[in-house]
Amino acid sequence: MSKDVLWWQSGVIYQVYPRSFQDSNGDGVGDLKGITSRLDYLQWLGIKAVWVSPIYPSPMADFGYDISDYGDIHPLFGTMQDFEELLEGIHRRNMKLILDLVPNHTSDKHPWFLESRSSRDNPKRDWYIWKDRKPDGSLPNNWLAAFGGSAWEWDEATQQYYYHAFLKEQPDLNWRNKDVQTAMFAMMRFWLDKGVDGFRIDVMWHMIKDALFRDNPVNPEYQPHMATYDQLLPIYSSDQPEVHTIVREMRELLDEYPERMMIGEIYLPIHKLVVYYGTDNKGAHLPFNFMLLTLAWDPKRIAAAINEYEASLPRGGWPNWVLGNHDQPRVVSRIGASQARVAAMLLLTLRGTPTIYYGDELGMRDVAIPPDKMMDPQGLNMPDKNLSRDPARTPMQWDNSEYSGFSLVSPWLPVDRTADRVNVRVQHSDPSSMLILYRRLIHFREQNPVFITGSYIPVFADHQVIAYLRREEGHPEFLVVLNLSHRPCYFRMAGRSLYGTIVLSTTPALEQTTIRDTLTLSGDEGVIITLQS
Ligand code: GLC
C-alpha cells in the first residue's frame, strides 16, 4: 500500500462502550482491565483503532458524557495505571487508541462550573454561558435541550440562567472565552503526551453558539414522535461559522504530534458536514459520516447519497462510514439480521474509513429494557417517545454463560435473551456467522488495497440493488453488487460484459463461482467479484 496512506485511512475503527464491553471486577459494569483482556479478540478481528467512549470521572448523569475531571480516570473504570496498561497493550499489538473528548460541556459537578456558579464576579463566571432573564421575566431565548425541555436552567443563587444543550447537569462551556480554550487544549496535550493516538470530539458542531443568541425558527417538518428538540431548527445554537476556528486550532495542536487524528461527531447534511474538513483539510480528519445510520434503507437513496458525499468531499478529504453507535438503534434492529450482513459488506467495501460499533460484528440487536430498568436520560425525559438509547448499549455477548461472559454478576443493563446463540464463542467456529463475515471482509479489505486507495465508481442502483466498482491502476478491478431487498434479482452490466469470479459473499457457498453476463442473487445477498478484462 502507498506509504502516504495513514493508519486512520487504511484501518478499521471499532467503538467500545466501556460500561458494556467487559467487566473485570465483578461490579456489573465494564472497565479498562476488561477491555485490555479482550484486545486479542479485536486484533484477531482485524481492528486497527479502538475508540473508547468517555472513561473520565463523571457523576454519570449521561453515562460519562458529563465529565467532572478531564485529566483522570473514573474509579468505576479503573486507575490511571489501568489506562496506561490498556494503551500499552493496544500499541504492542500495533493498534491505536482514540479517546472520546467532550469539550462542548462539562458536568455541573466539574470544579470549573462550581466556581462559575458561585458568584457573578467569579473569574470563571464567563467560562459558561450565563444570561439574564428577559425584562418580562421570560427565558433568554427559545432554545431547546436535546434531552427535552428548555436549554436554560435558572440559578437561584446568582439570579441568572445557564445554557445546556443536553441535560441541565451538562452546562455548555463558553468557547468564545480564551481561558476555556487554553484549559481544554492543555487537557488534549495531557493525553497526547501519554501517547493517545486521537480524539473523537463529542458534538463538535455545537461548540460555538450565535453571538446574538437569536431565537431558533420553528421546524415545519416536526412530527409528534420526534424528540421535542426537533420542534425547532437549531440554526443559531449549532454549526456556527466560528466553530471552524476552534476546530482548526485543535488540529494545529494535534499536528504538533506525529500521526495523530481527530474525528468530529457531527449530525448535519452532507454539504454542511464536509465544511468540517476545514480549509486546506486543516480541520477534522474524519467528520463522522452518519448517512448509513440516518437514511432509509433504500438502494436508490443510498446510492444517490454516496454519490453526493463523494462529490462533496474537498480535495484530499478522506471519506468515512458509520453503521452504528451508542446513540442510535443497532443496525440489526433497523434493517433486520439478513440485511445487516449486506450492510457489513457495504460498510467495508465503500471508499473510506469504516467504524464498527461493538457487538454489531455479531449481529447483536436492540434489547428491550423493562421501564423500571431504564437508565438513559434521553429515554427517561421523554417517556412516551421510545427514545431510550439503552437497547443499543447492552453487554457484549462473549459466550453462552449466564451473563454472556461479560460479567459474573447481573450487569447494569440486561443481556439479550438471544446471547446463547449470538455470541463470540459460537460464531467463532461457524464459517457462516456474522462474526466470520466481518472478519473476512476486514481482512479482505486489508489484503486488497484497491478497497482503500482505489476509486469508487457507481455502476447501478434500482429499488433492489446497488452496484459499484473499486478500481485502481495496476490492480485487479472489483465489482460489488448488493441486494438490499429480500427478493431475488438479476444483475447485468450495462454497456459492458460481466465476466469474473465471486471472491467473497454474504453467502459463502457462492464463492469461487464464475459469473458470465448475468449475476443471479437471492434476497439479502451481496457479492464481491473480481473482474477479468
Ligand atoms: C454525543 C454523545 C451522546 C451524548 C451527547 C451529549 O451525542 O454521543 O451519547 O449523550 O453527546 O454529550
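Turning next to the domain arrangement of the protein chain. Accessible area lost on assembly of the parts is the figure often given for the size of an interface. For the protein chain, the assigned domains are domain 1 (11-106 + 178-213 + 262-443) and domain 2 (454-531). Between the C-alpha centres of domain 1 and domain 2 the distance comes to 30 Å. Taken together, the contact pairs 22 residues of domain 1 with 29 residues of domain 2. When the buried area of domain 1 at its contact with domain 2 is split by residue, Pro299, Met345 and Arg440 rank highest and sum to 29% of it.

Counted residue by residue, strand 16 (residues 499-505) has five buried out of seven residues, so it is predominantly covered. Bridge count for strand 16 against strand 17 (residues 514-516) is three bridges, and the pairing is antiparallel. Residue Gly500 lies in a different strand from strand 17, and its bridge partner there is Ile515. With five bridges joining them, strand 16 and strand 19 (residues 526-531) adopt antiparallel strand pairing. In the sheet register, Leu504 faces strand 19, and the bridge partner there is Ile528.

By size, the foremost hydrophobic cluster in this structure holds 161 residues, and its most contacted members are Tyr14, Tyr41, Phe83, Trp175 and Met396. In this structure, this core is formed jointly by two domains, domain 1 (11-106 + 178-213 + 262-443) and domain 2 (454-531), each of which donates at least three residues. Core analysis: the second largest hydrophobic core is formed by 16 residues, Val465, Leu469, Phe491 and Val527 among them.

The next thing to look at is the side chain of Arg393. Examined against the element boundaries, Arg393 turns out to sit in the loop between helix 13 (377-381) and helix 14 (424-428). Judged by its relative accessible area of 1%, Arg393 is buried. Residues in contact with Arg393, not counting those within four places in the same chain, are Tyr17, Ser20, Phe63, His326, Asp327, Tyr357, Tyr358, Asp376, Trp412 and Leu413.

Lining the immediate environment of the ligand, one finds 14 residues, of which Asp62, His105, Asp202, Glu265 and Asp327 sit closest. One of the side-chain nitrogen or oxygen atoms of Asp202 is found 2.9 Å away from an oxygen atom of the ligand. Taking Arg389, its side chain carries an N or O atom lying 2.9 Å from an oxygen atom of the ligand. Taking 310 Å² as the accessible area of the ligand by itself, protein coverage stands at 96%. Residues of the shell around the ligand, tallied by class, amount to four nonpolar, three polar and seven charged.

Turning our attention to the packing of helix 4 (residues 80-92) against helix 6 (residues 178-194). At a closest axis distance of 11 Å, the pairing of helix 4 and helix 6 adopts a crossing angle of 55 degrees. By the angle between their axes, helix 4 is oblique relative to helix 6. Where helix 4 approaches helix 6, its residues Met80, Phe83, Glu84 and Leu87 are matched on the opposing element by Phe190, Trp191 and Lys194.

Turning our eyes to something else, we now look at the pairing of strand 8 (residues 261-264). Going residue by residue along strand 8, you find Met261 and Ile263 tucked away on one face and Met262 and Gly264 tucked away on the opposite face as well. One ladder, built from four bridges, connects strand 7 (residues 198-201) with strand 8; its direction is parallel. Bridging across to strand 8, Gly198 finds its partner in Met261. Once you follow strand 7 into helix 7 (residues 243-254) and on to strand 8, the crossover reads as right-handed. Relative to strand 9 (residues 286-287), strand 8 runs parallel, the two being bridged by two bridges. Note that in strand 9 the partner of Ile263 across the bridge is Leu286.

Either a parallel or an antiparallel arrangement is found when strands of a sheet pair, and the pairing is made through backbone hydrogen bonds. Across the sheet, six strands lie side by side as 12-13-14-19-16-17; this open sheet has antiparallel pairing. In this open sheet, the two edge strands, each paired with only one partner strand, are strand 12 (455-461) and strand 17. If you compare each strand with its neighbour and ignore which way they point, the axes differ by 30 degrees on average. Sheet analysis places strand 12 next to strand 13 (residues 465-471), joined by six bridges and oriented antiparallel. Residue Pro458 lies in a different strand from strand 13, and its bridge partner there is Tyr468. Here helix 10 (residues 299-312) sits on the sheet and contacts strand 12 and strand 13; the angle it forms with strand 12, its principal contact strand, is near 155 degrees.

About the cut-offs
- Residues numbered from 1 in each chain as written.
- Predicted model: local features only at pLDDT ≥ 70, side-chain atom pairs only at ≥ 80, totals over all residues.
- Heavy atoms only, no water.
- Domains from an automatic or database assignment.
- Contact = heavy atoms within 4.5 Å.
- Buried area = accessible area lost by both parts, 1.4 Å probe.
- Buried < 20%, exposed > 50% of the residue type's maximum accessible area, 1.4 Å probe, protein only.
- Helix = DSSP H or I, 4+ residues; strand = E, 2+ residues; numbered from the N terminus.
- Pairing = 2+ DSSP bridges.
- Core = buried A, V, L, I, M, F, W, Y, C linked by side-chain atoms within 4.5 Å.
- Near = heavy atom within 4 Å.
- Polar contact = N/O pair within 3.5 Å; in protein donor to acceptor, adjacent residues only side chain to side chain.
- Areas by Shrake-Rupley, 256 points an atom, 1.4 Å probe, with all protein chains shown as cover.
- Nonpolar A, V, L, I, M, F, W, Y, C, P; charged D, E, K, R; others polar.
- Axes fitted to C-alpha atoms, helices over the stretch in contact; angles between N-to-C directions.
- Parallel < 35°, antiparallel > 145°, perpendicular 65-115°, else oblique.
- Right-handed = clockwise from strand over helix to strand, strands pointing away.

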